[in-house]
Amino acid sequence: LEPPRGYFPDDGATAYHDCPKGFVCPAGTARDAMIPCPNGTFSNWTRLYDVDQCTTCLPGMACNATGLTAPAGPCAAGHFCRHGAIVTNPSNTW
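Definitions and cut-offs
- Each chain has its residues counted from 1, running along the sequence as written.
- Side-chain atom pairs in this predicted model are given and counted only at pLDDT of 80 or more, local residue features only at pLDDT of at least 70, and totals for whole chains, interfaces and linings cover all residues.
- Hydrogen atoms and water are omitted, and side-chain values are computed over all heavy atoms in the structure.
- Each Phe, Tyr or Trp ring (for Trp, its six-membered ring) is paired with any other whose centre lies within 6.5 Å, and the angle between the two planes then decides the class: stacked below 30 degrees, edge-to-face above 60, tilted in between.
- Remark: a charge is flagged as sitting over a ring if the NZ atom of Lys or the CZ atom of Arg is within 6 Å of the ring centre and within 35 degrees of the ring normal.
- Numbering goes from the N terminus for both helices and strands, where a helix is a DSSP run of H or I of at least four residues and a strand is a run of E of at least two.
- Relative accessibility decides the category of a residue: with a 1.4 Å probe and only protein chains considered, values under 20% of the type maximum give buried, values over 50% give exposed, and everything between is partly exposed.
- Residues count as neighbours in contact if any of their non-hydrogen atoms are within 4.5 Å of one another.
- Any two cysteine sulfur atoms within 2.5 Å of one another count as a disulfide.
- Counting of polar contacts relies on pairs of N or O atoms within 3.5 Å, with two restrictions inside protein: one atom must be capable of donating a hydrogen and the other of accepting it, and residues adjacent in sequence are counted only when both atoms are side-chain atoms.
- We score Asp and Glu as negative and Lys and Arg as positive, and we do not count His or the chain ends.
- By definition, a salt bridge exists where a carboxyl oxygen of Asp or Glu is found within 4 Å of a side-chain nitrogen of Lys or Arg.

Asks: What's the story with the packing of aromatic side chains in this structure? I'm lost.
Replies: Each aromatic ring pair is described using two quantities: the centre-to-centre distance and the angle formed by the ring planes. Applying the stated criterion across every chain yields a total of zero aromatic pairs. Here arginine 5 stacks its cationic end above the ring of tyrosine 49, 3.8 Å away from the centre of that ring.

Structure representation (structure tokens):
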């Protein structure tokens, strides 16, 4: 059986597990094919099935990697990170 959206199968394909935080599992996703939330986003929720469900990085924070469960950290001093920032020192300065 194909796993429903938001889940992936165990190795024996006999049970399904929640798609982990930071990842997306469309219907039919295999364990090794989970999609990480992209740069500029994060997710602290399980069972996501569409990348649009990943949360855009918060203002003042940066999400500079894929598969994050929380923003990576605050912007560097003197810089302003907008929603979805992927670097801690964007060209926006105070």
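Asks: Even after reading the chapter, I still don't get the side chain of threonine 41, so can you show me in this structure?
Replies: Relative to the helices and strands, threonine 41 is located in strand β5 (residues 41-42). Looking at threonine 41, the relative accessible area reads 11%, which means it is buried. With residues up to four places along the chain from it excluded, the contact list for threonine 41 reads Cys54, Thr55, Thr56, Cys57, Cys63, Ala65 and Leu68.

Asks: I keep staring at the state of the cysteines and nothing clicks. Help me out?
Replies: Defined simply, a disulfide is a covalent bond joining two cysteines at their sulfur atoms. Applying the stated criterion to the full structure yields four disulfides. Here cysteine 37 is linked by a disulfide to cysteine 54, with a sulfur-sulfur distance of 2.1 Å. Where cysteine 37 bonds to cysteine 54 through sulfur, the torsion about that S-S bond is close to -80 degrees, and the disulfide is left-handed. Linking cysteine 37 in the loop between β4 (35-36) and β5 with cysteine 54 in the loop between β5 and β6 (55-56), this pair joins segments that are 17 residues apart in sequence.

Asks: Just to check I follow, could you spell out the environment of histidine 79 for this structure?
Replies: Tracing the sequence through the fold places histidine 79 in the segment after β8 (73-74). Judged by its relative accessible area of 21%, histidine 79 is partly exposed. At 2.6 Å, the side chain of histidine 79 forms a polar contact with the backbone oxygen of proline 90.

Asks: Help me out: how do you make sense of unusual backbone geometry in this one?
Replies: A negative phi angle characterises most non-glycine residues, just as the trans form characterises most peptide bonds. The phi angle at arginine 47 is positive, at roughly 65 degrees, despite the residue not being glycine. For arginine 47, the position within the fold is in the loop between β5 and β6.

Asks: Looking at this model, I keep getting lost on the environment of glycine 84. Mind explaining?
Replies: Within the secondary structure, glycine 84 is located in the segment after β8. Separated by 51 residues in sequence, glycine 84 and alanine 33 have C-alpha atoms that sit 24 Å apart. When residues no more than four places from it in sequence are discounted, the contact partners of glycine 84 are Gly40, Thr56 and Cys57.

Asks: Would you mind showing me how to read the side chain of aspartate 10 here?
Replies: With respect to the helices, strands and loops of the structure, aspartate 10 is situated in the loop between β1 (7-9) and β2 (16-18). The buried charged residue aspartate 10 lacks any salt bridge, with arginine 31 as its nearest oppositely charged partner at 6.7 Å. Those residues in contact with aspartate 10 that lie beyond four places of it in its chain are Ala15, His17 and Arg31.

Asks: Can you walk me through the environment of asparagine 39 in this structure?
Replies: As for its placement among the helices and strands, asparagine 39 is situated in the loop between β4 and β5. Taking the relative accessible area as the measure of exposure, asparagine 39 reaches 40% and is therefore partly exposed. In this structure the C-alpha to C-alpha distance between asparagine 39 and cysteine 63, which are 24 residues apart in sequence, comes to 6.0 Å. In this structure, asparagine 39 is in contact with Cys63, Asn64, Ala65, Thr66 and Ile86, ignoring residues within four places of it in sequence.

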